[in-house]
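# Architecture at a glance
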Amino acid sequence: MRKSFETEIQQLKDELVVLGNLVEQQLLGAVEAFRTRDIAASKKIIEIDEDVNSKRYHIEEQVLITIATQQPMARDLRLLASILEIAGELERMGDYAKGIAKINIRMGDEELLTPLVNIPIMAKKCVSMLDRAVIAFVNENIDEANVLPTLDDEIDNLYNLVYTNLMGMIGNDEKTIQRANWILWVAHNLERVADRVTNICERTIFTVTGELKEIRSSDQ
Amino acid sequence: MNLISPVLETHNLNIYYGDFRAVTDVNIQIPRHKITAIIGPSGCGKSTLLRAFNRMNELVPNTHIEGEIIFEGQNLYGRDIDPVEVRYRIGMVFQKPNPFPKSIYENVAWAARIHGYRGNLDELVESSLTKAALWDEVKDILKQSALSLSGGQQQRLCIARAIAVQPEVILMDEPASALDPIATLKIEELMQSLKKDYTIVIVTHNMQQAARASDYTSMMMLAENTRSGTVIEFEETNTLFTRPKDKRTEDYVTGRFG
């Protein structure tokens, strides 16, 4: 029954995974370019963002066509609404990667205030959470969707570590404050990515159970 | 769901054609001044249930029910209840528009006249046609044959005819399935304006129509291992089409049934 519809749904899920992978590459690339102060690489990250946007629009368009032509109900309808939402979340994560790239460009010749240690770890953890969240969504795996938001605490802890370290370094020197601020922005962007991973997990649970609820990580 | 004052209420309703039990153990309440849709696959007893609500099934020989249907606190199948009276208070609109081969005016006036209506017939015809959203289209051709109208107009005329005897409930059996999409939308809009004054129960094969036009939806399906239909889920329409509780409802509304 409804074979062509099933195929359309599968294609949409595939496209979502591709978009997720692209954003993951973008995030890792943005942090690596920042760590190595590679301006050319940061410019490439900004270019990738256009690809991310157009993939998101394409998914939106396909979802609307599917809704209009197949008139889905119940779980199918929730799934399609969730795909729309998640495509939007992924695009915003891409914007965070672009934000990190812009910071690197804005820094110009300035050296990093301190070599990056915790931020690349944050980036790796964020990307791993993101990857698992997207896969959990396409597999409609609510156990995984319930577990992933608890990992957000690790990201928050790393962010706090970055923050405390930077605060210990800055004095009254305006220049130093600015250089610390750049690094803090990058960490902040990653922290936001992790929060949005939780939103994806919420959509997975909604798709499967029909229940819309906010998942809170344990520290909240 | 437990309503404070439902218009119609069934208690362990079973409907038989001879020995064959077509509908099994239905317990539902029809909310007042709302539109309730009955959906489900072919042959699951939707029309049979609908027709039980105004004792229309009795026109088929050897039909009987077990259990009861309570209408405004009274047993609809009680000994002292006149089925003809029931059909005035609970009107029916059918799938195929079936106006009488008479003038537009007479189609509306006739039943009221038979029923002993003592008011001004012209006013009744105008108000009924207005409520049925047909007045503007026919006010200058009231003497013309009803059969000269389009299918959609004929169906609205049948609704006007049902309204003319001032019923409390209007039953509709696939009222738009013979109509084009524009005429269908007109009927659906009409239903929305009618529910201020009447309670509407509609049987439809068109799930989108149930989703668009009704407040409550009753999902029917054959009871397990039988050829007899029953209500498996009764919910607010918004809930039933987005978060159905029963797996069989889910399968049906998502097109994975069967």
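For the structure, check the block above.
Here's a quick rundown of the structure. The numbers attached to residues start from 1 for each chain and follow its sequence in the written order. Chain letters and ligand numbers both follow the written order, the letters beginning at A and the numbers at 1. Since the coordinates come from a predicted model, pLDDT governs what is reported: local features require at least 70, and pairs of side-chain atoms require 80 or more to be given and counted, while whole-chain, interface and lining totals use all residues. Water and hydrogen atoms were dropped before computing side-chain values, which therefore reflect all heavy atoms in the structure.

This brings us to the overall build of chain A. Along its length, chain A carries 7 helices and 0 strands. Counting from the N terminus, the helices are the DSSP runs of H or I reaching at least four residues and the strands are the DSSP runs of E reaching at least two. Reading the helices (α) and strands (β) of chain A from amino to carboxyl end gives α-α-α-α-α-α-α. Relative to the compact-globule value of 17 Å for 220 residues, chain A shows a C-alpha radius of gyration of 19 Å, a close match. Expressed along its principal axes, the backbone C-alpha trace of chain A runs to roughly 65 × 35 × 20 Å. When accessible area is computed with a 1.4 Å probe and restricted to protein chains, residues below 20% of their type maximum are described as buried, those above 50% as exposed, and intermediate ones as partly exposed. By residue count, 48% of the 220 residues in chain A fall in the buried class. We call two residues in contact whenever any of their non-hydrogen atoms come within 4.5 Å of each other. In chain A, the proportion of contacts linking residues at least 24 apart, taken out of those at least 6 apart, comes to 85%. Each accessible area is a Shrake-Rupley estimate made with a 1.4 Å probe; only the visible protein chains count as cover when residues are assessed. Summing over all exposed atoms, chain A offers an accessible surface of approximately 10,500 Å²; the carbon and sulfur share of this is 49%. Computed over 25 positive and 37 negative side-chain charges, the separation of the two mean positions in chain A equals 1 Å. Using C-alpha atoms as the atom set, the radius of gyration is obtained and then compared with a globule rule of 2.2 Å times the number of residues to the power 0.38. In this tally, Lys and Arg are treated as positive and Asp and Glu as negative; His is ignored, and so are the chain termini. Lys charges are placed at NZ, Arg charges at CZ, Asp charges at CG and Glu charges at CD.

Right, let's talk about the overall build of chain B for a bit. Scanning chain B from terminus to terminus reveals 10 helices and 11 strands. Here the C-alpha radius of gyration of chain B, 18 Å, is about what a compact globule of 258 residues would show, namely 18 Å. When the 258 residues of chain B are sorted by exposure, 55% land in the buried category. Within the structure as shown, chain B displays about 11,700 Å² of accessible surface, and the carbon and sulfur contribution to it stands at 50%. On chain B, the mean spot of the 28 positive side-chain charges and the mean spot of the 32 negative ones are 2 Å from each other.

Residues and elements named next belong to chain B. Ring pairs are drawn from Phe, Tyr and Trp, using the six-membered ring of Trp, whenever the two centres fall within 6.5 Å, and their geometry is named by plane angle: stacked under 30 degrees, edge-to-face over 60, tilted for the rest. Here the structure, examined in full by the defined rule, presents 2 aromatic pairs over all chains. The interplanar angle of 70° and the centroid separation of 4.8 Å between the aromatic rings of Phe100 and Trp110 together place this pair among those described as edge-to-face. One end of the pair, Phe100, is in the loop between β7 (90–93) and α3 (104–114); the other, Trp110, is in helix α3, and 10 residues separate them in sequence. Classification of Phe100 by relative accessible area gives partly exposed; the value is 25%. Given a relative accessible area of 34%, Trp110 falls into the partly exposed group. Where Tyr216 meets Phe234, the ring centres are 6.2 Å apart and the plane angle is 20°; that geometry is what we call stacked.

So, about unusual backbone geometry. Residue and element names in this part refer to chain B. The phi torsion at Asn62 lies on the positive side, around 65°, for a residue other than glycine. Within the secondary structure layout, Asn62 lies in the loop between α1 (46–52) and β5 (63–71). For Asn62, a relative accessible area of 63% puts it in the exposed group. The backbone of Glu174 sits at a positive phi, close to 50°, despite the residue not being glycine.

Attention now moves to the interface of chain B and chain A. Tallying the contact residues gives 14 residues for chain B and 12 residues for chain A. By buried area we mean the combined loss of accessible area, with a 1.4 Å probe, across both parts when two parts are placed together. Summed over both partners, the interface of chain B with chain A buries about 1,100 Å², with 51% contributed by carbon and sulfur atoms. Interface area lost by chain B to chain A is led by Gln208, Thr254 and Arg256 of chain B, which between them contribute 42%. Criterion for a salt bridge: a side-chain nitrogen of Lys or Arg within 4 Å of a carboxyl oxygen of Asp or Glu. Between the two partners, chain B and chain A, sit 2 salt bridges. With a closest N to O distance of 2.6 Å, Arg256 of chain B and Asp76 of chain A form a salt bridge. Think of a polar contact as two N or O atoms within 3.5 Å of one another; within protein, one of them needs to be a possible hydrogen donor and the other a possible acceptor, and neighboring residues in sequence only count if both atoms come from side chains. Counting every contact that joins chain B to chain A gives 6 residue pairs in polar contact (both at pLDDT 80 or more). Among the elements of the structure, α8 (207–213) and α10 (247–253) of chain B are those that each provide at least two residues to the side of chain B that touches chain A.

Here the focus is the side chain of Glu233 of chain B. Residues and elements named next belong to chain B. With respect to the helices and strands, the residue Glu233 is situated in strand β11 (residues 229–236). A polar side-chain atom of Glu233 sits 2.7 Å from the main-chain amide nitrogen of Lys245. A polar side-chain atom of Glu233 sits 2.9 Å from the main-chain amide nitrogen of Asp246. In this structure Glu233 touches Thr217, Ser218, Met219, Leu240, Pro244, Lys245, Asp246 and Thr249, once residues within four positions along its chain are discounted.

Another point: helix α4 (residues 118–138) of chain A. To estimate the expected span of a helix, count its residues, drop one, and scale the result by 1.5 Å. In this model, α4 of chain A (21 residues) spans 31 Å end to end at C-alpha, consistent with the 30 Å of a helix rising 1.5 Å per residue. A positive backbone phi angle near 50° is found at Glu140 of chain A, which sits one or two residues after α4 of chain A.

Right, let's talk about helix α7 (residues 174–209) of chain A for a bit. A rise of 1.5 Å per residue sets the reference length of α7 of chain A, with its 36 residues, at 52 Å; its end C-alpha atoms lie 52 Å apart and thus fit the reference within 8%. The first or second residue beyond α7 of chain A is Gly210 of chain A, which carries a positive phi of 85°.

Before going further, it helps to examine the pairing of strand β10 (residues 216–222) of chain B. All names here are of chain B. Here β10 lies mainly inside the structure; 6 of its 7 residues are buried. For two strands to pair, DSSP has to find at least two bridges joining them. Two strands pair when backbone bridges link them, and strand β4 (residues 35–39) and β10 are joined in this way by 4 bridges, in the parallel orientation. When the sheet's bridge partners are listed, Thr36 is paired in β10 with Tyr216. Two elements, β10 and β11, share 7 bridges in a ladder whose sense is antiparallel. Directly across from Met219, in β11, lies its bridge partner Glu233. The antiparallel pairing of β10 with β11 creates a hairpin that spans 6 residues between the two strands, and Asn225 there sits at a positive phi of about 55°.

Residue and element names in this part refer to chain B. Most of strand β9 (residues 199–203) sits out of view: 5 of its 5 residues are buried. Of the two faces of β9, the one lined by Thr199, Val201 and Val203 and the one lined by Ile200 and Ile202 are each fully buried. Where strand β8 (residues 169–173) lies against β9, 5 bridges are found, and the strand directions are parallel. What sits directly across from Asp173, in β9, is Val203. If you view a crossover with the strands going away from you and the path from the first strand over the helix to the second runs clockwise, you call it right-handed. Handedness of the β-α-β unit built from β8, helix α7 (residues 181–194) and β9 comes out right-handed.

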